[in-house]
Amino acid sequence: MLKSILQRFLRHQAMRYGKFSNLYIRFCNPGSQEYAEFLRRHGNFYAIGENCTILPETMFTDPAYVRIGNNVHFSSCTVIGHDGSIAMLNRAYNVRLDAVGKVDIRDNVFIGYRAIVLRNVTIGPNAIVGAGAVVTKDVAEGDIVAGVPARPIGRVSDLVKKLQAETQSWPWADLINNR
């Protein structure tokens, strides 16, 4: 009973006012849609579209430089908008440098588990970033990329056709078709 009251309180404070965010994540265990809504309201992103899912373990180092389109789904991955070596370079070479950049993730994108997306990257619409990929360059519309550094390994349209055929071969295909 007390736990439920605490969860309702934390959820309300977090969603409405952006307060107690760490406690909210820890005790309320928000789902990916709820957490995306929390970030839309209080995450200081440049923009977040509709119908997105973001797991709480996803890390955005510079959300103000990140634009997320509609129907974007993040697994536990990292989006980095700056070069972390700048502080060391500034001190070691007595210079004043900065290296930040936007990350633009267009509509209908999936970013896989432990993928890393670096600054100055646009991920085109209808794209998939594979698990563990390190995205250092733009991803073209409809591409599936994987690897370190990420390279195109296929097309989303081909994957859809393959999965449609596979799904229809299952004994429970009629249940899926009736959803």
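This is a predicted model, so every value here is computed, not measured.

A. Representation of a nonpolar patch on the surface in the model. Together, Leu-6, Phe-9, Phe-20, Leu-23 and Phe-27 give the surface a local cluster of nonpolar side chains, amounting to about 440 Å² of exposed area. The set of elements that each furnish at least two residues to the nonpolar patch consists of helix H1 (2–17) and helix H2 (21–28). Mapped onto the secondary structure, Phe-27 falls in helix H2.

B. Representation of the nonpolar core in the model. If you look at the biggest cluster of nonpolar residues, it comprises 34 residues, and the most contacted ones within it are Phe-60, Ile-68, Phe-74, Ile-111 and Ile-123. Not counting residues within four places of it along the chain, the set of residues in contact with Phe-60 comprises Leu-39, Phe-45, Ile-54, Val-66, Ile-68, Phe-74 and Val-79.

C. View of the pattern of salt bridges. Inspection of every chain in the model, using the stated rule, returns six salt bridges. Its salt-bridge partner being Arg-11, residue Glu-34 comes within 2.7 Å of it at the nearest N-O pair. A residue pair is termed long-range when its members are at least 10 positions apart, and Glu-34 in helix H3 (residues 32–42) and Arg-11 in helix H1 qualify at 23 residues. A residue is classified by how much of its surface remains accessible, and Arg-11, at 28% relative accessible area, is partly exposed. Where Asp-104 meets Arg-106, a salt bridge forms, and the shortest distance between an N and an O atom there is 2.9 Å. Given the relative accessible area of 33%, Arg-106 is considered partly exposed. Salt bridges here are not isolated pairs; linked through shared partners, they connect Glu-37, Arg-40 and Arg-41.

D. Here's a closer look at unusual backbone geometry. Of note, the amide linkage connecting Val-148 to Pro-149 takes the cis form, showing an omega dihedral of -10 degrees. Among the secondary structure elements, Pro-149 is positioned in the loop between strand E13 (143–146) and strand E14 (151–155). Located in the positive-phi region is Asn-108, a residue other than glycine, with phi close to 60 degrees. Among the structural elements, Asn-108 can be located in the loop between strand E7 (103–105) and strand E8 (109–111). The partly exposed category is assigned to Asn-108, whose relative accessible area is 34%.

Each value, and the rule that gives it
- Residues numbered from 1 in each chain as written.
- Predicted model: local features only at pLDDT ≥ 70, side-chain atom pairs only at ≥ 80, totals over all residues.
- Heavy atoms only, no water.
- Patch = residues over 30% accessible without salt bridge, like charges linked within 9 Å, V, L, I, M, F, W, Y side chains within 5 Å.
- Areas by Shrake-Rupley, 256 points an atom, 1.4 Å probe, with all protein chains shown as cover.
- Salt bridge = Lys/Arg side-chain N within 4 Å of Asp/Glu carboxyl O.
- Helix = DSSP H or I, 4+ residues; strand = E, 2+ residues; numbered from the N terminus.
- Core = buried A, V, L, I, M, F, W, Y, C linked by side-chain atoms within 4.5 Å.
- Buried < 20%, exposed > 50% of the residue type's maximum accessible area, 1.4 Å probe, protein only.
- Contact = heavy atoms within 4.5 Å.

In short, the description is geometric, and any link to function would need to be established separately.
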